[in-house]
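Observations on the three-dimensional arrangement
Each chain, letter by letter, is given below.
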Number of protein chains: 2
Amino acid sequence: MTQARRGPRERMVFSAAQLIRRQGVTATGMREVAAHADAPRGSLQHYFPGGKEQLVNEAVAWAGRYAARRVARFLAGLDRPTPSGLFAAMAAQWTDEYAADGFTAGCPVAAATVDCATSGDSTREAAATAFATWRGPVAEALTGMGVPPVRADSLATLMISTLEGAILMARAERDVRPLTTVVEELGPLLDAATGEGRAGEAIAAAD
Amino acid sequence: MTQARRGPRERMVFSAAQLIRRQGVTATGMREVAAHADAPRGSLQHYFPGGKEQLVNEAVAWAGRYAARRVARFLAGLDRPTPSGLFAAMAAQWTDEYAADGFTAGCPVAAATVDCATSGDSTREAAATAFATWRGPVAEALTGMGVPPVRADSLATLMISTLEGAILMARAERDVRPLTTVVEELGPLLDAATGEGRAGEAIAAAD
DNA sequence: CGGCTACTATGACCGCTGTCATAGTCGACC
DNA sequence: GGTCGACTATGACAGCGGTCATAGTAGCCG
């Protein structure tokens, strides 16, 4: 959530993501997006001839890229990088936001996934690629910490799933408890995966 | 889900939950709910004088009770109850549904949480109590399996968070992979919490 | 200047939403 | 039968949704 002085088009995509993650897709109107972005209403059909569907999809894609970018920053912020540290940083972004701005917003990708009836199937695909865009850097970071590549992708899925669910519950309860809880509970499991050679395979094979 | 021959009121609540978990709250119209429930449109204002908000809240509450009820059934279905077995059963309900009916629906509580702009704050509270209603039996089941009571609630939160997130990702990707992945990855952690006396406290204190 | 392109500005259209108002039906009870 | 209550049936209303159509402006190029 950074620079506000970009082109109107970019501002509208950003505003769309902001509104979607607060209200959901259907409840967010295009006029509202334009107003929130201080952009002229006439620009909507000019920049997004594909209509609301295109705007929503771009907002979701933007959110995916944003999440991926954040992973790199979180890594840079850890002086001794561990999986649990990365996960804690990812969750901390949400606890911080909730402490500062209240529990008004969630993840735009989650909102789009839940609310993809209005926008056609393309929005669901956009959400899927957004999740993949996000999961990539997380898995990469895990391998960089010594997690076997086979498990890295699984653990990245676990981390993102858990985080999304915790965001959901935290928003519902208006309490960061779910976020802090999953960080504490999942941390040991994540760190245990580093440096284990065939131990990881053993666990996986135990099934 | 189950019995279709109940009173019209109950059918409407059930249909509302069904439609909400497919389309989201805002995208689901009241006329649509009545039609889906084969209920007369005039009954809407009669049974739900509180309007859409009341209907949505009751649907969410119903979903919470339903999830709680399912936990008991899952427990009964396990011949040797373990935390990982319970979690796997919870996830299997979703993989089964997705295999049978496609990835069209998610969790109604999640949908209501994301999309609570139209309905006022009461819907958010309904979602919070639904999560609590769900978490209760899960935590209780865990303590019954030997998990220390202090950790049981945390692990229940972890299980539900992870499951909700995995449902989300599975729906987006149209693939049950996230669900199966989190079951495999989380299983050992959950089972490790059974029967540990002060080991659990040690982990928690290590922080 | 003319012409072109990028962008902006409105206004209108149609469909759908939740909600209210009114009238109608049905069945039980005295 | 008469009356009351629960329930059903429509119709209308006001508002907002996305989208199309049309006209307008600004700036650059030749």
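Residues numbered from 1 in each chain as written. Chains lettered and ligands numbered in written order. Predicted model: local features only at pLDDT ≥ 70, side-chain atom pairs only at ≥ 80, totals over all residues. Heavy atoms only, no water.

Digging into the packing of helix α5 (residues 83-101) of chain B against helix α8 (residues 149-173) of chain B
Pairs of packed helices are described in terms of their axes, by the angle between the two and the distance that separates them. All names here are of chain B. The condition is simple: Here an angle of 0 to 180 degrees is reported between the N-to-C directions of two axes, which are lines fitted to C-alpha atoms, with helices fitted over the stretch in contact. Think of it this way: any DSSP run of H or I at least four residues long counts as a helix, any run of E at least two long counts as a strand, and we number them from the N terminus. Should an angle lie under 35 degrees it is considered roughly parallel, over 145 roughly antiparallel, and from 65 to 115 roughly perpendicular; all remaining angles are considered oblique. By convention the crossing between two helices is left-handed if the near helix lies anticlockwise of the far one by an angle smaller than a right angle, and right-handed if it lies clockwise. Here, residues are in contact when the closest pair of their heavy atoms is within 4.5 Å. Residues are grouped as follows: Ala, Val, Leu, Ile, Met, Phe, Trp, Tyr, Cys and Pro are nonpolar; Asp, Glu, Lys and Arg are charged; every other residue, Gly included, is polar.
Where α5 meets α8, the closest approach of the two axes is 11 Å, and the angle between their N-to-C directions is 25 degrees. Of the possible angle classes, the one that applies to α5 and α8 is roughly parallel. Note that α5 runs across α8; the crossing there is right-handed. Between α5, through Pro83, Leu86, Phe87, Met90, Ala91, Trp94 and Tyr98, and α8, the contact on the second element is made entirely by Met159, Thr162, Leu163, Ile167, Ala170 and Arg171. Here the residues of the contact of α5 with α8 are counted per class, giving eleven nonpolar, one polar and one charged.

Examining the protein's contact with DNA strand C
For clarity, the threshold we go by: A single heavy atom is enough: if one lies within 4 Å of a molecule or strand, its residue is considered near that molecule or strand. Counted as a polar contact is a pair of N or O atoms within 3.5 Å, where, for protein atoms, one must be capable of donating a hydrogen and the other of accepting one, and residues adjacent in sequence contribute only when both atoms are in side chains.
Around DNA strand C sit 16 residues, and of these A:Pro40, A:Ser43, B:Met30, B:Arg31 and B:Gln45 come closest. B:Met30 is positioned such that a nitrogen or oxygen atom in its backbone is 2.8 Å from a phosphate oxygen of DNA strand C. B:Arg31 places a side-chain nitrogen or oxygen 2.6 Å from a base nitrogen of DNA strand C. Every element with two or more residues in the surface near DNA strand C is listed here: α3 (43-47) of chain A together with α2 (30-36) and α4 (51-77) of chain B. A total of four residues in the surface near DNA strand C trace back to one element, the largest contributor, which is α3(A).

Thoughts on α8(B)
All names here are of chain B. Put simply, the test is: The span you would expect from a helix comes to 1.5 Å times its residue count less one. The cut-offs for exposure are 20% and 50% of the maximum accessible area for each residue type, with area from a 1.4 Å probe on protein chains only; residues under the lower value are buried, those over the upper are exposed, and the others partly exposed.
Here α8 spans 36 Å end to end across 25 residues, near enough to the 36 Å set by a 1.5 Å rise per residue. Judged by how many residues are buried, α8 sits mostly within the fold: 22 of 25 residues are covered. Note on α8: the residue one or two positions beyond its end, arginine 174, has a positive phi of about 55 degrees.

Focus on the relation of the copies chain A and chain B
Which entries qualify depends on this criterion: Superposition of the copies used a least-squares fit over C-alpha atoms from residues whose pLDDT is at least 70 in both.
Its rotation angle being 180 degrees, the transformation that places chain A on chain B also includes 0.0 Å of axial translation and leaves an RMSD of 0.0 Å. Those values place the two copies in the arrangement expected of a two-fold rotation axis. Interface overlap between copies is the fraction of interface residues in one copy that are interface residues in the other; for chain A against chain B it reaches 100%, indicating a shared surface.

A closer look at the side chain of B:Arg135
Its location among the elements puts B:Arg135 in helix α7 (residues 121-144). Within the structure, the side chain of B:Arg135 is placed 3.2 Å from the side chain of A:Glu173, a separation counted as a polar contact. Ignoring sequence-local partners within four residues, the contact set of B:Arg135 consists of A:Met169, A:Glu173, A:Arg177, B:Asp153, B:Ala156, B:Thr157 and B:Ile160.

So, the packing of aromatic side chains
Residues and elements named next belong to chain B. The following threshold applies: Two rings belonging to Phe, Tyr or Trp (six-membered ring only in the last case) form a pair when the distance between their centres is within 6.5 Å. Interplanar angles under 30 degrees mark stacking, angles over 60 mark edge-to-face geometry, and anything in between is tilted.
Scanning the model with the defined rule gives eight aromatic pairs over all chains in all. Aromatic side chains tryptophan 62 and tyrosine 66 sit 5.4 Å apart centroid to centroid with 15 degrees between the ring planes, which places their arrangement in the stacked category. In this pair, tryptophan 62 and tyrosine 66 both sit in helix α4, four residues apart, roughly one turn of the helix. One exposure class covers both tryptophan 62 and tyrosine 66, and it is buried.

Observations regarding the confidence of the model for chain A
All names here are of chain A. The condition that has to hold: pLDDT measures how confident the predictor is about each residue, on a scale from 0 to 100.
For chain A, mean pLDDT is 91; residues scoring 70 or higher make up 92% of the total. Taken element by element, the predicted model of chain A shows its lowest mean pLDDT in helix α10 (residues 199-206) (45) and its highest in helix α5 (residues 83-101) (98). Segment residues 198-207: pLDDT under 50, and three contacts once partners within four positions in sequence are set aside and those in other chains are kept.

Considering the protein's contact with DNA strand D
Taken together, 16 residues lie near DNA strand D, and A:Arg31, A:Gln45, B:Pro40, B:Ser43 and B:His46 sit nearest. Counting only the atoms of DNA strand D that lie within 4 Å of the protein, the sugar and phosphate share comes to 50%. One nitrogen or oxygen atom from the main chain of A:Met30 is found 2.8 Å from a phosphate oxygen belonging to DNA strand D. Counting only elements with at least two residues in the surface near DNA strand D, the list comes to α2 (30-36) and α4 (51-77) of chain A together with α3 (42-47) of chain B. It is α3(B) that contributes the most residues to the surface near DNA strand D, five residues altogether. A per-class count over the surface near DNA strand D returns three nonpolar, eight polar and five charged.

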